[in-house]
Amino acid sequence: MARAATPAIAALVGAGIDHQVVQYQHDPRNEDFGAEAVAALAADGIVAEQVFKTLVIALPKGLAVAVLPVPTKLSLKAAAAALGVSKAEMADPAAAQRSSGYVVGGISPLGQRKPLPTVIDASALRFDKVLCSAGKRGWDIALAPADLVRATNAVTAEISV
């Protein structure tokens, strides 16, 4: 059997979760990774709110992951509450890369080097499928939101504004 292209894909294959890998041309000069994914996937009939970004946040005692639609902003207060802590702030990008094993712009909530507490915006549950990073810039994974929640052992909450 061939080795999966990324740890995120390997995690889904290992768990037997139905998914599709969607690739698009990443422009290395573009640093607005979410907007680039939304624009590229729109041709496939994907709406912007179905494409989710993965943000690593710092909690009082470690890191966590917040997954929310690309066009929205993260409410750090709501994410902290969903994870049962008093506060959260954005993690240092270098710490996010070290912890996840992925580069910024390709951080997936799946197959991270070190599993972290995860919260997924509840809006994901409105869709038959959502897309999130496959662990490489220009690669996304389409899967059922319930499968994303299960695979990441996440809680869902309204974390976006």
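Residues numbered from 1 in each chain as written. Predicted model: local features only at pLDDT ≥ 70, side-chain atom pairs only at ≥ 80, totals over all residues. Heavy atoms only, no water.

- The name given to the protein chain in an unreviewed UniProt entry is Cys-tRNA(Pro)/Cys-tRNA(Cys) deacylase, with the source organism recorded as Mycolicibacterium frederiksbergense.
- For the record of the protein chain, the UniProt heading Sequence similarities (unreviewed entry) holds the text "Belongs to the prolyl-tRNA editing family. YbaK/EbsC subfamily." (UniProt positions renumbered as here; feature names shortened; annotations may be inferred.)

1. A closer look at the UniProt feature "domain: YbaK/aminoacyl-tRNA synthetase-associated" (unreviewed entry) in the protein chain
Phase 1 of the analysis: Using the residue numbers shown here, the UniProt feature "domain: YbaK/aminoacyl-tRNA synthetase-associated" (unreviewed entry) corresponds to residues 37–150.
Phase 2 of the analysis: For residues 37–150, the helix share is 23%, the strand share is 30%, and the end-to-end C-alpha distance is 24 Å. (Helix = DSSP H or I, 4+ residues; strand = E, 2+ residues; numbered from the N terminus.)

2. Examining unusual backbone geometry
Phase 1 of the analysis: One non-glycine residue, Asn 153, lies in the positive phi region at around 55 degrees.
Phase 2 of the analysis: Residue placement: Asn 153 occurs in the loop between helix H5 (145–152) and strand S8 (155–157).
Phase 3 of the analysis: Residue classification places Asn 153 among the exposed residues on the basis of a relative accessible area of 69%. (Buried < 20%, exposed > 50% of the residue type's maximum accessible area, 1.4 Å probe, protein only.)

3. Re the side chain of Ser 75
Phase 1 of the analysis: Tracing the chain through its elements places Ser 75 in the loop between strand S3 (62–69) and helix H3 (76–82).
Phase 2 of the analysis: Of the residues examined, Ser 75 reaches a relative accessible area of 18% and is grouped as buried.

4. A short note on the nonpolar core
Phase 1 of the analysis: Membership of the largest hydrophobic core comes to 27 residues, with the highest contact counts inside it found for Leu 12, Leu 110, Ile 120, Val 130, Ile 141, Leu 143 and Leu 148.
Phase 2 of the analysis: Elements that contribute at least two residues to this core include exactly helix H1 (7–15), strand S2 (52–59), S3, strand S6 (130–136), strand S7 (139–143) and H5.
Phase 3 of the analysis: Excluding its chain neighbours within four sequence positions, the residues that come into contact with Leu 143 are Leu 12, Ile 17, Asp 18, His 19, Asp 128, Lys 129, Val 130, Cys 132 and Leu 148.
Phase 4 of the analysis: Counting residues in each nonpolar core, the second largest holds 13 residues, with Leu 74, Ala 80, Ala 157 and Ile 159 among its members. (Core = buried A, V, L, I, M, F, W, Y, C linked by side-chain atoms within 4.5 Å. Contact = heavy atoms within 4.5 Å.)

5. Focus: the environment of Ala 48
Phase 1 of the analysis: In this structure, Ala 48 sits in the loop between helix H2 (33–41) and S2.
Phase 2 of the analysis: Placed 10 residues apart in sequence, Ala 48 and Val 38 show a C-alpha to C-alpha distance of 5.5 Å.
Phase 3 of the analysis: Each residue touching Ala 48, except ones within four places of it in the same chain, is listed here: Val 38, Val 70 and Pro 71.

6. Looking at the pairing of S6
A regular strand carries its side chains on alternate faces of the sheet.
Phase 1 of the analysis: In terms of burial, S6 is a largely internal element, 6 of the 7 residues being buried.
Phase 2 of the analysis: With 5 bridges joining them, S6 and S7 adopt antiparallel strand pairing. Residue Ser 133 lies in a different strand from S7, and its bridge partner there is Asp 140.
Phase 3 of the analysis: Counting the residues that bridge the hairpin from S6 to S7 gives 2 residues, and of these Gly 138 lies at a positive phi of roughly 90 degrees. (Pairing = 2+ DSSP bridges.)

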